[in-house]
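Tertiary structure, described
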2 protein chains.
Amino acid sequence: MSSLRDVAERAQVAVSTVSAALNGTRPVAAGTKRRIEQAAAELGYRPNLLARGLQSKRTRILALLYPAPRSGFGLTEMQFATGAAEAARELGHHLLLSPENADPIEELRHLTGLGLVDGVLLMEVGLDDERAAFLAAAGVPFSMIGRTRDPGSIDYADIDFAATAGDAVAHVASLGHRSLALFNLSAGAYGDGYGPAIRAGEEFAAAARAAGIGYVDGHRPGSAEEGREAFERLMDAHPDVTALAVMDDHAAVGVIAAVAARGWRIPDDLTLMLVLSSARVAEMFHPRLTTLEPPGTELGRLGARMLVDRLSGDGPPQQRLVPCRLVAGDSSAAPPPKPRERRPA
Amino acid sequence: MSSLRDVAERAQVAVSTVSAALNGTRPVAAGTKRRIEQAAAELGYRPNLLARGLQSKRTRILALLYPAPRSGFGLTEMQFATGAAEAARELGHHLLLSPENADPIEELRHLTGLGLVDGVLLMEVGLDDERAAFLAAAGVPFSMIGRTRDPGSIDYADIDFAATAGDAVAHVASLGHRSLALFNLSAGAYGDGYGPAIRAGEEFAAAARAAGIGYVDGHRPGSAEEGREAFERLMDAHPDVTALAVMDDHAAVGVIAAVAARGWRIPDDLTLMLVLSSARVAEMFHPRLTTLEPPGTELGRLGARMLVDRLSGDGPPQQRLVPCRLVAGDSSAAPPPKPRERRPA
DNA sequence: TTGTACGCGTTATCAT
DNA sequence: ATGATAACGCGTACAA
């Protein structure tokens, strides 16, 4: 690879002049500049990122801290990564994919100690995330996709659960439903203090209250079988519920089976929505489910952009909430006119 | 961050001795070595990767060239990335996520010119992949997940389509089926020369021939609607087909609908398999589909490992084929005893 | 406007 | 066995 010196020789100038010309870091005569640029082009010169980083203390590399895939790991997480990578590239940065091992803190200490990355992007942030605490204490610039319980002045991009729940409730309310239930994420899949689970629960409750419709939660099925059981118990206890929002894809499978087993149909007897699931997944179902699709790419992009902003200058903290997109499928309809009964096949 | 010099001062030795002691690159007296190690530990010294890379011409960073998500982009691609990242970390390397833009070659030229990465990992390799040609010509070490038509001596890890097709055929044959059809990937989704589509087609044909059972292909539905139509046409032309392998998730949705519309049931009237789809997706269906799950993580790991091996020394080319894992679901059964008829509801 | 000289943190070569 | 010193390629004072 050709270096600054090669270009300098070819253009008959000093190395520093080449550097200046190429970076615009000080005035260079138009003629000289042209000669230099031509020489650089001819040699296919590319600045060496290592040397530049060593000198400037800025590598323009971001690390995406990648939690070890627990039970569920899907399209959304993929979108975080691709969104962040795209935005990083557009902003002249690179994205390092950094899978966490058993000891995330040690991993972080190592990673940041290398001098390789300028900042860190955190995924799957817990309500009391130790990684965030560590990074803040260590003075390492970082941003979060998701957020801790008390983000303070830390940059983050997260789902707007209030708006999302509002949209969902408005959707079913406008169809005429008077009572909505939520099947939340299972504790097993994500641990107990998982932010999205907690926030979704709170905001759905609030939205339903504000809209003046009934609301039931408490079930947290994490598999098809649990979804079946949960639906049965839900109908036993609250036969008036005509709309159901489910946060776990597999639980939805069970719900659908349970509905069919009763001789009921979707959407005639039950309006079913998927929450935090991509439209691609919703299309796998029959009928195609209405879904509240998380803005994965958008959040990834925002996270990266915020981090780059933070590295450049220091403005006020950027904290952005983005609602899910409601994609209406064929699983939404008006509630059944009369009380439903079991109609075994 | 503390540097080698800080450690040297603290241990009362020369910088070069510290370097030698820490890297074991030349003999160091036991006592000195202990002093140095202690000083390093006390200062929390971490070698600066940039400086080391600048000097040694090896950054221990791998780039995963990440194609812009086309239509279909799922869990498998995610697994490539996570597998590669994990393996890289275990081997003391880092993984850079590099999304491709409009001009992949220019992107590659840029990336490799930066001196930032030691080698490149290619995903979604085409039969005549220009990126592979470029890298080979440029002398940049790389390995492929997937493979070109003629890989020559390039390292790669790919799906073993022959074994996969063999397993699939054996599965349906052992259930008693005498005729199998394949719905291949649509040309639209992946372009026309997409390796997996072509290899799957060839190998299913060969496996069926070897097993002495009938084989039909030619349909390439890329959506639910196209899947419905394709199934209708298939049944019109080949009413004897009792087993169907589908490579596109969405097409499978249409097939299932078409089967139901005829008043048929899965698996009683049709054995349905998903090919190259993850078990997680297969579980979304009802009944749970039998699937040939691609070894995404494994391939990612292999690709990274091969690349690291190649960077370290140069042995013979490593070319590994890994078969898909057959996960039996509830969509496989013996063929119907009598010819099926339409049984409209 | 341009050139010279130094430092970033590391490894490698040469003396000692 | 250890220490001094020269690169690696770049940015940046400072001098010209």
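Structure: above.
Residues numbered from 1 in each chain as written. Chains lettered and ligands numbered in written order. Predicted model: local features only at pLDDT ≥ 70, side-chain atom pairs only at ≥ 80, totals over all residues. Heavy atoms only, no water.

Considering the protein's contact with DNA strand D
Among the 27 residues in the neighbourhood of DNA strand D, the closest are listed as Leu 4 and Tyr 45 of chain A together with Thr 17, Ala 29 and Thr 32 of chain B. Backbone atoms, meaning sugar and phosphate, form 65% of the atoms of DNA strand D found within 4 Å of the protein. One nitrogen or oxygen atom from the side chain of Thr 17 of chain B is found 2.7 Å from a phosphate oxygen belonging to DNA strand D. Among the elements of the structure, helix 2 (15-23) and helix 4 (49-56) of chain A together with helix 2 (15-23) and helix 4 (49-56) of chain B are those that each provide at least two residues to the surface near DNA strand D. (Near = heavy atom within 4 Å. Polar contact = N/O pair within 3.5 Å; in protein donor to acceptor, adjacent residues only side chain to side chain. Helix = DSSP H or I, 4+ residues; strand = E, 2+ residues; numbered from the N terminus.)

Re the sheet that holds strand 6 (residues 179-183) of chain A
Residue and element names in this part refer to chain A. In space, the six strands of this open sheet follow the order 7-6-8-9-10-12, with mixed pairing throughout. Two strands close off the open sheet at either side, each with one partner strand: strand 7 (214-216) and strand 12 (325-327). On average, each strand axis in the sheet is tilted by 20° relative to the strand beside it, whichever way the strands run. As judged from the four bridges shared by strand 6 and strand 8 (residues 243-246), these two strands associate in the parallel manner. In the sheet register, Ala 181 faces strand 8, and the bridge partner there is Leu 244. Contacting strand 6, strand 8, strand 9 (271-275), strand 10 (290-293) and strand 12, helix 8 (residues 161-175) runs over the sheet at an angle of about 165° to strand 9. Those strands touched by helix 11 (residues 224-237) are strand 6, strand 7 and strand 8, and its axis lies near 150° from that of strand 6. (Pairing = 2+ DSSP bridges. Axes fitted to C-alpha atoms, helices over the stretch in contact; angles between N-to-C directions. Contact = heavy atoms within 4.5 Å.)

Some remarks on the interface of chain A and chain B
Taken together, the contact pairs 50 residues of chain A with 51 residues of chain B. When the buried surface of chain A facing chain B is broken down by residue, Arg 46, Leu 50 and Met 284 of chain A rank first, second and third, together holding 17% of it. Seen at the junction of chain A and chain B, the total is four salt bridges. Of all the secondary-structure elements, those providing two or more residues to the side of chain A that touches chain B are helix 4, strand 1 (61-66), helix 5 (75-90), strand 2 (94-99), helix 6 (104-113), helix 12 (249-261) and helix 13 (279-282) of chain A. Examining the composition of the side of chain A that touches chain B, we find that eight residues originate from one element, helix 5 of chain A, more than from any other. Sheet topology places strand 2 of chain A next to strand 2 (residues 94-99) of chain B; three bridges connect them, and they run antiparallel. By the bridge assignment, Leu 95 of chain A is partnered in strand 2 of chain B with Leu 97 of chain B. (Buried area = accessible area lost by both parts, 1.4 Å probe. Salt bridge = Lys/Arg side-chain N within 4 Å of Asp/Glu carboxyl O.)

Some thoughts on the protein's contact with DNA strand C
Close to DNA strand C lie 26 residues; Thr 17, Thr 32 and Gln 55 of chain A together with Leu 4 and Tyr 45 of chain B are nearest. Contact distances for DNA strand C include 2.5 Å between a base nitrogen and a side-chain N or O atom of Gln 55 of chain A. Backbone polar atom of Leu 4 of chain B to a phosphate oxygen of DNA strand C: 2.4 Å apart, as the coordinates give it. Those elements that provide at least two residues to the surface near DNA strand C are helix 2 and helix 4 of chain A together with helix 2 and helix 4 of chain B. For the surface near DNA strand C, the class distribution of residues is ten nonpolar, eleven polar and five charged. (Nonpolar A, V, L, I, M, F, W, Y, C, P; charged D, E, K, R; others polar.)

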